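Structural characterization, general
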Amino acid sequence: MRGFKKISIIIALLLPLALNAQVTIVNGNHILEISGTLSTYYNHRWILPTETDKDKNRFNLRDAQFQFSGKIANQWRYEFQADLADFVSNTTGQPDAENPGLMEASVTYALPKIANIKIGYGKLPYSFQSLVPFVESPYWQRAEIARGDFFSRRDVGVTLSKSLFKNKLFLDAGAYTGLGEKSLIGVNDASGSLEYVGRAMFCYPARYRYRMIDFSHTVIPIFEIAINGRYTKRNLPSGATFPAGSTGGYGMKIIDGEKYVYGADFAIQYKGLSIQLEAHQLKGIPTDTMSSLLFGTPQSFNGGFFKSGSAVAQINYYLKPANSVFSFRYEYQNISDLAEGYTERYSAAYAYKFKAANAMLKMQYYFFGKKETLADIKFNQQLRIGLQFNF
């Protein structure tokens, strides 16, 4: 009877994992979960009349991921996740911040009643849009602010995490190399400085998972509200430069000088309806008063700094009888307050969730309302449709 009870407990513990399409191996106090994702899509862009290059109209293998995550005696946790599709397709040597080849390589040690210490490479505790796993989103692309050009999404370092009040308050703080995905090259820039990141999230009445879709049709409203920030001060010696590709598409991911990024997010879900809101502001203070990031404006006008701002609003609904997700997202982006204009992007997504497998047919369409000149956008609309399969 005791043996039967033990087996029942193990089955009860592993059943939720099996439903999530994970393979679980148990050996004493060691639990190992193995999972993966395959996703492929077709992309089509309606380019501007002044453009001729249609190389983005293509089929693409976005993901060929595998993930190993384990737990030992409720004290050690480890995770390794990689995307073979990115390793094979990346011929430039520059990691894709939104979808890099190496996604996670970390070990977490739990200090009882104190905090969890995570060491290694992985996602930084900043921005709900960035922290949500790709497979939990109805979209093929993240919001522009969370794609890795304004702040890094992953880095190498140490993170301290603590939950309080029965998993209602979550605190995270850490120190990292500061070069983001380029930290994997093994050296820092010549300044030798670090980046510091912190996040505080309050949930009620229970823990809010990093998910966009309320597949379970939560019977009681659950919400989260969070604030987060990050800071770095990097002063390069005369003649030194940052590693190639580390400053991002707009030259603001890391800067020679002081950089502050701070933001807040809110999310709620109830009976299949979910809403996510977030906003961010970046403030950069270049060491060089003639920096290109100040766009040639006089110091009497710019005060020696520039700001960049963004806001995202998203609403989703899971229509359970039709196994369908409908979503709409609005994005506002002002790359620099020292340059004219701003960008507005409107996105709509539809996802069909298959019953027999953990798979979704996902379609995303977006178009621009306004375009900031600095964004250098060469198309008006984009459609992306494909299949995501988890195993």
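A short tour of the structure in this document, coming up. (Residues numbered from 1 in each chain as written. Predicted model: local features only at pLDDT ≥ 70, side-chain atom pairs only at ≥ 80, totals over all residues. Heavy atoms only, no water.)

Enumeration over the complete set of coordinates arrives at 26 aromatic pairs. A network of ring pairs unites the aromatic residues Trp46, Phe328, Tyr330, Tyr346, Tyr365 and Phe367 as a single cluster. When the ring centre of Tyr126 is taken as origin, the NZ or CZ atom of Arg230, which lies over that ring, is 5.3 Å away. The lysine or arginine in question, Arg345, covers the ring of Tyr366, its NZ or CZ lying 4.4 Å from the ring centre. (Phe/Tyr/Trp six-rings, centres within 6.5 Å; stacked < 30°, edge-to-face > 60°. Lys NZ or Arg CZ within 6 Å of the ring centre and 35° of its normal.)

Take unusual backbone geometry next. The amide bond that connects Tyr204 to the next residue, Pro205, takes the cis arrangement and shows omega of 0 degrees. By the element assignment, Pro205 lies in the loop between β9 (195-204) and β10 (222-234). A positive phi is found at Phe165, a non-glycine position, where the angle reads about 55 degrees. Within the fold, Phe165 resides in the loop between β7 (154-164) and β8 (169-176). Taking relative accessible area as the criterion, Phe165 reaches 60% and is therefore assigned exposed. (Helix = DSSP H or I, 4+ residues; strand = E, 2+ residues; numbered from the N terminus. Buried < 20%, exposed > 50% of the residue type's maximum accessible area, 1.4 Å probe, protein only.)

With respect to the helices and strands, Ala97 occurs in the loop between α2 (84-89) and β5 (102-111). Taking C-alpha positions, Ala97 is 19 Å from Asn43, a pair spaced 54 residues apart along the chain. Filtering out sequence-adjacent residues up to four positions away, Ala97 remains in contact with Arg147, Gly148, Arg153, Arg154, Glu181 and Lys253. (Contact = heavy atoms within 4.5 Å.)

Pairing between strand β4 (residues 76-83) and β5: 7 bridges, direction antiparallel. Residue pairing for β5: Ala82 is matched across the bridge by Leu102. Of the strand pairs in this sheet, β5 and strand β6 (residues 115-123) are connected by 7 bridges, and their pairing is antiparallel. Across the sheet, Ser106 pairs through a bridge with Gly120, a residue of β6. Here β5 folds back onto β6, and the loop between the two strands holds 3 residues, one of which, Lys113, carries a positive phi near 65 degrees. (Pairing = 2+ DSSP bridges.)

The next subject is the pattern of salt bridges. Enumeration according to the criterion identifies 12 salt bridges in this entry. One salt bridge in this structure joins Glu104 and Lys118, with 3.0 Å as the shortest N-O distance. Placement of the pair is Glu104 in strand β5 and Lys118 in strand β6, with a sequence separation of 14 residues. Judged by its relative accessible area of 22%, Lys118 falls in the partly exposed class. For Glu331, the salt bridge goes to Arg345, with nearest N and O atoms at 3.2 Å. Highlighted residues: Glu331 in strand β14 (residues 324-334) and Arg345 in strand β15 (residues 343-353), separated in sequence by 14 residues. (Salt bridge = Lys/Arg side-chain N within 4 Å of Asp/Glu carboxyl O.)

Judged by nonpolar contacts, the single largest core of 24 residues is most densely connected at Ile145, Phe150, Phe151, Met252, Leu282 and Phe306. Within the residue set of this core, elements represented by two or more residues are β13 (306-319) and β16 (359-370). Core analysis: the next-biggest nonpolar cluster, separate from the first, contains 15 residues, Val132, Cys203, Val325 and Met360 among them. (Core = buried A, V, L, I, M, F, W, Y, C linked by side-chain atoms within 4.5 Å.)

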